[in-house]
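Okay, here's what each chain looks like letter by letter:
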Amino acid sequence: MKVNSVLMVGCGDLGARAGAHLKAGGWQVTGVRRNVARLPPGFDGYPADYTRAGALAFLGALEPDYLLVTLNPAEMTVEGYFSGFAGAMHNILAGLGAHRPRGILMVSSTRVFAEREGGWVDETSELERDDPRALAIIEAERALLDSGLSACVVRFGGIYGAAGGRLLARIRRGELCAPEPVRYTNRIHRQDCGGFLAHLLLAMASGASLEPVYIGVDDDPAPRFEVESWLAREIGVTARPGVTAPDSPGGHKRCRNRLLHAAGYRLRYPDYRSGYRAVLQGESTPPG
């Protein structure tokens, strides 16, 4: 029986988690990143900088059945975003040459949505027109979805799960955001990110018809002050409300995850309470 193969371009934490699921199911998993020594055991590796034109010319020769694309900005400037997203996607598509994978899955961000006033968004909602960094991500999405290849995009929001994250560090210092104005936040535990990506790749392999875009968040968009106050109580610190945290980029929205559930994925951590309890109790395991 033929073994399915997946090539993960930009194989960091999310790729490692999704790849671990697939590897356990007998898939051949290959990661492409600058430092292949950081790939999990059992992953094949190819060192490459996906922001460099021509650096991915070998992709087509590998003839992967599936691609998982997890990109990051080359640096935090606008130019770095265009290089790390739009430029990288063009490099990937060029590198495939005449090879046509059975499916390509791209990790994107809820930053691309235009909503800024706390309203609800779904996969069909209006996209950003003014944020140049979001526009770089949107350009990468469109290049893939307009390529004629079988592809879909997952827009994740508020990925968390690291015990040493910046939010927990700030809460441990007793610093909370201001309760007003209300600012909604969306999030998803990194274990659910990896699980959902693997779920979609397995669905592709089974011949299921996927939507072009999915939102990857949990079931509970919540005001930032509510989340931070709850965390302070769980940690047992005396908090000082009113220390304003920087706004999330384009982040005042509430994201619906109806299509995630319709795809048959069951969230391990459906809300911030269950997810952060796992983090605080040390259950946030490393990939693999």
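Structure: see above.
Residues numbered from 1 in each chain as written. Predicted model: local features only at pLDDT ≥ 70, side-chain atom pairs only at ≥ 80, totals over all residues. Heavy atoms only, no water.

1. A short note on unusual backbone geometry
- A cis amide bond links Glu180 with the next residue in sequence, Pro181, at an omega value of -5°.
- Tracing the sequence through the fold places Pro181 in the loop between helix H5 (166-172) and strand E9 (184-185).
- Not every positive phi belongs to a glycine, and Glu63 is a case in point at roughly 50°.
- Along the polypeptide, Glu63 turns up in the loop between helix H2 (59-62) and strand E4 (66-70). (Helix = DSSP H or I, 4+ residues; strand = E, 2+ residues; numbered from the N terminus.)

2. Some points on the sheet that holds strand E2 (residues 28-33)
- Read across the sheet, seven strands follow the order E3-E2-E1-E4-E5-E7-E11 without closing on themselves; strand pairing throughout is parallel. The strands lining the two open edges of the sheet, one partner per strand, are strand E3 (44-47) and strand E11 (213-216). Between one strand and the next, the sheet's axes are offset by a mean angle of 20°, whatever the strand orientation.
- The pairing of strand E1 (residues 5-9) with E4 spans four bridges and is parallel. Each bridged residue has a counterpart across the sheet, and for Leu7 the counterpart in E4 is Leu67.
- Most of the contacts of helix H1 (residues 13-24) go to E1, to which it runs at about 170°, and overall it touches E1, E2, E4, strand E5 (103-109) and strand E7 (151-156).
- Lying on the sheet, helix H3 (residues 78-96) is in contact with E1, E4 and E5; it crosses E4 at an angle near 160°. (Pairing = 2+ DSSP bridges. Axes fitted to C-alpha atoms, helices over the stretch in contact; angles between N-to-C directions. Contact = heavy atoms within 4.5 Å.)

3. Some details on H1
- For H1, which comprises twelve residues, the first-to-last C-alpha distance of 17 Å matches the rise-based estimate of 16 Å (1.5 Å per residue) to within 8%.
- Among all positions of H1, only Leu14, Gly15, Ala16, Arg17, Ala18, Gly19 and Leu22 are buried.
- Positioned one or two residues after H1, Gly26 has a phi angle of 95°, which is positive. (Expected span 1.5 Å × (residues − 1). Buried < 20%, exposed > 50% of the residue type's maximum accessible area, 1.4 Å probe, protein only.)

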